[in-house]
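# Fold and contact review
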2 protein chains.
Amino acid sequence: MNEFEIIECFFKSAHPASNGGLALGIGDDAAIVNVPDDSELVISMDTLVSGVHFFADALPEDIAYKSLAVNLSDIAAMGASSRWISLSLTLPDQDLVWIEKFSSSFNQLAKEHGLVLIGGDLTKGPLSITVQIHGINPKGKSLRRSGANPGDSIYVSGKLGAAAYAFKSIEDNVLYPDATKEEIQRLHRPEARTKTGTTLRSIATSCIDISDGLFADLGHILKASKVGADIKLAEIPYSDSLKKLDKDKAIELALSGGDDYELCFTLPSGTPDAVLNELESICPIYCIGTITNQVSELSFLKENDEPYVIKTNAYRHFS
Amino acid sequence: MNEFEIIECFFKSAHPASNGGLALGIGDDAAIVNVPDDSELVISMDTLVSGVHFFADALPEDIAYKSLAVNLSDIAAMGASSRWISLSLTLPDQDLVWIEKFSSSFNQLAKEHGLVLIGGDLTKGPLSITVQIHGINPKGKSLRRSGANPGDSIYVSGKLGAAAYAFKSIEDNVLYPDATKEEIQRLHRPEARTKTGTTLRSIATSCIDISDGLFADLGHILKASKVGADIKLAEIPYSDSLKKLDKDKAIELALSGGDDYELCFTLPSGTPDAVLNELESICPIYCIGTITNQVSELSFLKENDEPYVIKTNAYRHFS
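Residues numbered from 1 in each chain as written. Chains lettered and ligands numbered in written order. Predicted model: local features only at pLDDT ≥ 70, side-chain atom pairs only at ≥ 80, totals over all residues.

### Remarks on the overall build of chain A
In terms of regular secondary structure, chain A is built from 9 helices and 13 strands. Taking 319 residues into account, the globule formula puts the C-alpha radius of gyration at 20 Å, and chain A, at 20 Å, falls close to it. Judged by the C-alpha coordinates and their principal axes, chain A covers about 65 × 55 × 35 Å. Looking at the 319 residues of chain A, the share that counts as buried comes to 55%. Long-range pairs, those at least 24 residues apart, make up 86% of the contacts in chain A between residues at least 6 apart in sequence. (Helix = DSSP H or I, 4+ residues; strand = E, 2+ residues; numbered from the N terminus. Rg over C-alpha atoms; globule rule 2.2 N^0.38 Å. Buried ≥ 20, exposed ≤ 12 C-beta atoms within 10 Å, placed from the backbone. Contact = placed C-beta atoms within 7 Å.)

Dropping the structure here:
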């Protein structure tokens, strides 16, 4: 099969242009999209490289899932609804069994989120996947990193550290034993907090998704908002996995392990209980601290309110 | 430097969010764009992989130029005006000299075309570049592959085969000797026909850019438009380079060498001379044949009107 036949067979048929308000889908030099007049367009792009962002022997179903989920997570962090995606797939060879598994998983997750694949590229080369995602929001309503104010409460959705534990366990099963199926799942198939994201749209003052670890990603909110934060270590929602480790190592993984794809967001003080309950009904949320006016100063406090010094730097995709 | 510092230093500073009607540029989970109400959004994405789409020892300036130019060419083929771009850059190591050269060339070409870089990704891995481009067109005015009608004249902008000759010459300097500087330039720095594209917007019945060779790309127009074509071999604008070859080889390179990035388009019979003159004033255009009602039948005719049988398949990026 040539490039066009593969796209036609494995991708185009699952994404009819009639879906999702498309004027023109896969199969021309470009796709054509009509963005509703009262909406702003929210655009993100993430690349996953074999051996860097996933293990070289990862399953095609998992690679597909994660490559789409991490993009969904970015749009969730903007409070937007995901709509259209482009996929650039670079493959070392034409393994139709691999492509079938990849495309089934990709198309399935896209369907679950009402996404339409509008185009992309298929090239020969070392395995990597780039997904570009388009979401929409009512004009002016997108969440940003820059809106946090002193006095705001800082929240995290879900628990932190499970994916990082699974990653470490696959790398070193002696130091990090017995990763559970659920932890492995968190690493390979992160669940983007899409519903939480759109619910936060008119509520949160800032939001980010935790891909590089809470330490680094909350740091981005502080920098963009020109504020600081006091975080209570005891309030951080540690994944159960981390109980297998000594305390310092557990804190390190929870704060800088990365790959959580939970949302970190700020809510004004006095946010009504009804709002918190609505958020809680979607997924657990945890208040971990408070925004301060100490610009870019991120303080972690032990239970006795003494400062705790982080021992590692955040995870970096490029170093 | 970490990922964020590299983006800040080499890319973000050259693309202020205040340009191009952006609501939010580089530096959040996603960019935010306001598409004008009377416009449709035209979206394309192309990936270039080292050793596949460019030589492994290609200059970073040339790689940057080509990775952007091929995307500009897609938007030109839709008759649209390019506006916003995202760049995913995968690099084997952190070579700041390489990155500086790449980014200078990329930012310069973007500036020349009024483009703003709105985001993307920077990852570690085998060298590859994915560019996603957004253009806009007045609603309903985008050119497509599907509008050609029997009786339309078929045109090509510029001359064909120079880039393919340069490619062959770099691979085999004996069979394909003496590639000129200009031919090499056509391969490394193709000129997207952006002005021709926007001028064709309200004139052409169909359009495509020639990336895989005239044979394959005109074939896409025929398939999408459910028509055929008679092409006069003698009217094809062969690049001067091809005079170095015997006739069959020259025709093969001109028709299926690829990497031309000229536009192939159809105009209704009776298109006024004034329109043709306007197009001619931008870049040379050549009428090479006529659309027929023989669905998907692409016939090449020799000077004596006898059929000519093409000896090769079109260039395939993935096989």
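Further notes follow.
### Here we look at the domain arrangement of chain A
Residue and element names in this part refer to chain A. Entries for chain A in the domain assignment read domain 1 (3-138) and domain 2 (145-308). Centre-to-centre, using C-alpha coordinates, domain 1 lies 27 Å away from domain 2. Each partner contributes residues to the interface: domain 1 has 17 residues there, and domain 2 has 18 residues. Looking at the side of domain 1 that touches domain 2, the elements with two or more residues in it are α2 (60-77) and β4 (81-91). At 10 residues, α2 tops the list of elements feeding residues into the side of domain 1 that touches domain 2. Of the residues belonging to the side of domain 1 that touches domain 2, the class tally is 8 nonpolar, 6 polar and 3 charged. (Domains from an automatic or database assignment. Nonpolar A, V, L, I, M, F, W, Y, C, P; charged D, E, K, R; others polar.)

### Describing the sheet that holds strand β9 (residues 228-232) of chain A
Residue and element names in this part refer to chain A. The strand order β8-β10-β7-β11-β9-β12-β13 describes an open sheet built from 7 strands, whose pairing is mixed. Each having just a single partner strand, β8 (206-210) and β13 (307-308) make up the two edges of the open sheet. By the bridge criterion, 4 bridges tie β9 to strand β11 (residues 285-292) in an arrangement that is antiparallel. Paired with A229 across the bridge in β11 is I291. (Pairing = 2+ DSSP bridges.)

### Regarding the confidence of the model for chain A
Do not read the predicted coordinates in detail wherever pLDDT is low. All names here are of chain A. Of the residues in chain A, 96% reach a pLDDT of 70 or more, and the chain-wide mean stands at 93. Long-range and interchain partners of residues 314-319, a stretch whose pLDDT sits below 50, account for 22 contacts in this model, where long-range means more than four residues apart. Interface confidence in the predicted complex, given as ipTM, is 0.93; pTM for the same model is 0.94. (pLDDT = per-residue confidence, 0-100.)

### With respect to the sheet that holds strand β2 (residues 31-33) of chain A
Taken together, 6 strands build an open sheet; the order of strands is β1(A)-β2(A)-β3(B)-β6(B)-β4(B)-β5(B) and the sheet is mixed. Since the sheet does not close on itself, it has two edges, and those belong to β1 (22-24) of chain A together with β5 (116-124) of chain B, each with one partner. Recorded for the sheet is a direction-independent mean angle of 20° between the axes of neighbouring strands. Two elements, strand β4 (residues 81-91) of chain B and strand β6 (residues 128-138) of chain B, share 9 bridges in a ladder whose sense is antiparallel. Each residue of the ladder has a partner; that of S86 of chain B, found in β6 of chain B, is Q132 of chain B. (Axes fitted to C-alpha atoms, helices over the stretch in contact; angles between N-to-C directions.)

### So, the environment of K168 of chain B
Examined against the element boundaries, K168 of chain B turns out to sit in helix α4 (residues 162-171). The spacing of K168 of chain B and A179 of chain B is 11 residues in sequence and 9.0 Å in space, taken between C-alpha atoms.

### Section: the relation of the copies chain B and chain A
Copy one and copy two of the chain differ by a rotation about an axis and a translation along that axis. Here chain B sits on chain A after a turn of 180° about the axis and a move of 0.0 Å along it, with an RMSD of 0.0 Å. With respect to symmetry, the two chain copies, as superposed, fit the operation of a two-fold axis. Residues of chain B ranked by C-alpha distance from the rotation axis are headed by D37 of chain B, positioned 2.7 Å from it. A share of 100% of the interface residues of chain B reappears at the interface of chain A, consistent with the copies meeting face to face through the same patch. (Least-squares fit on C-alpha atoms with pLDDT ≥ 70 in both.)

### Observations regarding the interface of chain B and chain A
Listed by partner, the interface residues are 52 residues for chain B and 52 residues for chain A. Taken together, the elements giving at least two residues each to the side of chain B that touches chain A come down to β1 (22-24), β2 (31-33), β3 (39-49), α2 (60-77), β4, β5, β6 and β8 (206-209) of chain B. Ranked by residues supplied to the side of chain B that touches chain A, first place goes to β3 of chain B with 9 residues. Here 3 bridges tie strand β3 (residues 39-49) of chain A to β2 of chain B, and the two strands are oriented antiparallel to one another. Bridging across to β2 of chain B, V42 of chain A finds its partner in I32 of chain B.

### Considerations on unusual backbone geometry
One non-glycine residue with positive phi stands out, namely S296 of chain A, at about 60°. You can see S296 of chain A is positioned in the loop between β11 and β12 (298-301). Assessed through the 13 C-beta atoms surrounding it within 10 Å, S296 of chain A is described here as partly exposed. In this model, K226 of chain B sits at a positive phi of 55°, which is unusual for a non-glycine residue. Residue K226 of chain B is classed as partly exposed on the basis of its 13 C-beta neighbours within 10 Å.

### Quick notes on the environment of I136 of chain B
Residue and element names in this part refer to chain B. Take I136: it is sitting in strand β6. Given 22 C-beta atoms within a 10 Å radius, I136 is considered buried. Those residues in contact with I136, other than ones at most four positions away along the chain, are V35, P36, S39, E40, L41, V42, A80, S81 and R83.

### As for α2 of chain B
Residue and element names in this part refer to chain B. For α2, which comprises 18 residues, the first-to-last C-alpha distance of 26 Å matches the rise-based estimate of 26 Å (1.5 Å per residue) to within 8%. Among the 18 residues of α2, 16 are classified as buried, and the element is accordingly described as predominantly covered. A positive backbone phi angle near 75° is found at G79, which sits one or two residues after α2. (Expected span 1.5 Å × (residues − 1).)

### Focus: the packing of helix α1 (residues 3-11) of chain A against helix α3 (residues 96-112) of chain A
Residue and element names in this part refer to chain A. Two numbers describe how α1 lies on α3: the axes approach to 10 Å, and their chain directions differ by 45°. Between α1 and α3, the interaxial angle falls into the category oblique. Crossing of α1 against α3: the hand is right-handed. Only I99, E100 and S103 of α3 make contact with α1, whose side of the interface consists of I6, F10 and F11. Of the residues assigned to the contact of α1 with α3, the class counts are 4 nonpolar, 1 polar and 1 charged. (Parallel < 35°, antiparallel > 145°, perpendicular 65-115°, else oblique. Left-handed = near helix turned anticlockwise from the far one by under 90°.)

### Quick notes on the pairing of β11 of chain A
Pairing of strand β7 (residues 153-157) of chain A with β11 of chain A, which is carried by 5 bridges, proceeds in the antiparallel orientation. When the bridges of β11 of chain A are listed, S153 of chain A appears paired with T290 of chain A.

### Looking at the pairing of strand β10 (residues 262-267) of chain A
All names here are of chain A. The element β10 is extensively covered by neighbouring structure, given that 6 of its 6 residues are classed as buried. Going residue by residue along β10, you find E262, C264 and T266 tucked away on one face and L263, F265 and L267 tucked away on the opposite face as well. Where β7 lies against β10, 4 bridges are found, and the strand directions are antiparallel. The residue of β10 that forms the bridge with Y155 is F265. Bridging between β8 and β10 involves 5 bridges; their strand directions are antiparallel. Following the sheet pairing, I208 is matched in β10 by C264.

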